[in-house]
Amino acid sequence: WNNTDGILLWDEFDVDKIALDGTVTHFLDYAAGTDYPVYAICDDGINAFWVTNVLDAGTPRLRVYKKALTGTSATTATLMISDNSTTVSEGVMEYIKDRIVMAINNKIYEFAPSATTLPSAVYTHADTDIVFTDITASGTAIYISAFSGVQSMIYKFTLSTSTGAMPSLTSAITAAEMPIGEKIYAIRYYLGYMLIGTNKGIRVATVDD
């Protein structure tokens, strides 16, 4: 969470807060075999937001929750979004440019931290096997990394100049592609450069919006 206070350590079913002095506080304690895992988590410096599944009529369905970072595993989470038409199998989310960007399965969404319903996807990838892996942003764009099989790429969403929103796209803008067999797992933007973590190591690329 807030970088001046510590970090959130996410380990599939559990999320812990680790303070700068090393103190560990349980934040989420989901039980393997009983609960579904946390598929993705992010924070805005005040609240943590995460996505998981719960059973609805016997079928696992998407839920997005939030909880103040000052809370513990004993603090009741607030249910933000309940969508009984979506079952999460892969997910990544990030609080970025004053909104939450979330990729679930082959769809990408953006919504406010106060959202109560899942909006329409801003983009749906034609490949249902695509795995979105990370999200970052530069000055005027949001970037999302992904891989499918042995191919990996970074998609770019240029924000609307009038509202600052991500436009709805029927086809993705590909900003970068990796050599066959190299998979992207993490991306971070910093001062004009993109740091790209792959199964081969770390690449550094310049960014031109």
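Residues numbered from 1 in each chain as written. Predicted model: local features only at pLDDT ≥ 70, side-chain atom pairs only at ≥ 80, totals over all residues. Heavy atoms only, no water.

### Observations concerning unusual backbone geometry
Rules: Secondary structure follows DSSP: runs of H or I at least 4 residues long count as helices, runs of E at least 2 residues long count as strands, and numbering of each begins at the N terminus.
With a phi angle near 55°, Ala57 is a residue other than glycine that sits in the positive phi range. In this fold, Ala57 is placed in the loop between strand 5 (47–56) and strand 6 (59–68). One non-glycine residue, Asp98, lies in positive phi territory at about 65°. Here Asp98 shows up in the loop between strand 8 (91–96) and strand 9 (99–104).

### With respect to the confidence of the model for the protein
To be explicit about the condition: The pLDDT score gives, residue by residue, the confidence of the prediction method on a 0 to 100 scale.
Residues of the protein with pLDDT of at least 70 account for 94%, and the chain-wide mean is 92. In the model of the protein, strand 1 (residues 6–11) stands out as the element of lowest mean pLDDT, 91, in contrast to strand 7 (residues 78–83), which has the highest, 98.

### Concerning the environment of Gly91
Going by this rule: What makes two residues a contact is simply this: any of their non-hydrogen atoms within 4.5 Å.
By the secondary structure assignment, Gly91 is in strand 8. C-alpha separation for the pair Gly91 and Ala186, spaced 95 residues apart in sequence, amounts to 13 Å. Every residue in contact with Gly91, bar those within four places of it in the chain, is listed here: Tyr39, Ala40, Ala103 and Ile104.

### Overview of the packing of aromatic side chains
Here is the rule we go by: Two rings from Phe, Tyr or Trp (for Trp, the six-membered ring) form a pair when their centres are within 6.5 Å of each other. A pair whose planes differ by under 30 degrees is stacked, one over 60 is edge-to-face, and the rest are tilted. Only protein chains enter the area calculation, which uses a 1.4 Å probe; residues under 20% of their type maximum are buried, those over 50% are exposed, and those in between are partly exposed. Our definition puts a charge over a ring when NZ of Lys or CZ of Arg is within 6 Å of the ring centre and also within 35 degrees of the ring normal.
Applying the stated criterion to the full structure yields 6 aromatic pairs. Centroid distance Phe147 to Tyr185: 5.8 Å. Interplanar angle 70°. Geometry classified as edge-to-face. Taken together, the residues span a long stretch of sequence, with Phe147 in strand 13 (residues 141–148) and Tyr185 in strand 16 (residues 184–190) at a distance of 38 residues. Given a relative accessible area of 13%, Phe147 falls into the buried group. Using a relative accessible area of 42% as the deciding quantity, one classes Tyr185 as partly exposed. One aromatic cluster is present, formed by Tyr123, Phe132, Tyr155 and Phe157 through successive ring pairs. The cationic tip of Lys67 hangs over the ring face of Phe27; the distance from NZ or CZ to the ring centre is 4.7 Å.

### Some details on the pattern of salt bridges
For clarity, the threshold we go by: Salt bridge, as applied in this entry: a Lys or Arg side-chain nitrogen positioned within 4 Å of an Asp or Glu carboxyl oxygen.
All told, the structure shown has 3 salt bridges when counted by the stated rule. Across the pair Glu110 and Arg99 runs a salt bridge, and its minimum N-O distance is 2.7 Å. Of the two residues, Glu110 is situated in strand 10 (residues 107–111) and Arg99 in strand 9; the sequence distance between them amounts to 11 residues. Looking at Glu110, the relative accessible area reads 16%, which means it is buried.

### Remarks on the side chain of Asp83
Threshold: Two residue types count as positive, namely Lys and Arg, and two as negative, namely Asp and Glu; His and chain ends fall outside the count. Between N or O atoms, a polar contact is any pair within 3.5 Å; within protein, one atom must be a potential hydrogen donor and the other a potential acceptor, and residues adjacent in sequence are included only when both atoms are from side chains.
By secondary structure assignment, the location of Asp83 is in strand 7. Here Asp83 occupies a buried position and makes no salt bridge, while the nearest side chain of opposite charge, Arg61, is found at 7.0 Å. Engagement of the side chain of Asp83 in a polar contact is seen with the side chain of Ser85, the distance being 2.7 Å. A polar contact is formed between the side chain of Asp83 and the side chain of Thr86, at a distance of 2.8 Å. Non-local contacts of Asp83, meaning those with residues more than four positions away in its chain, are made with Arg61, Leu62, Arg63 and Leu118.

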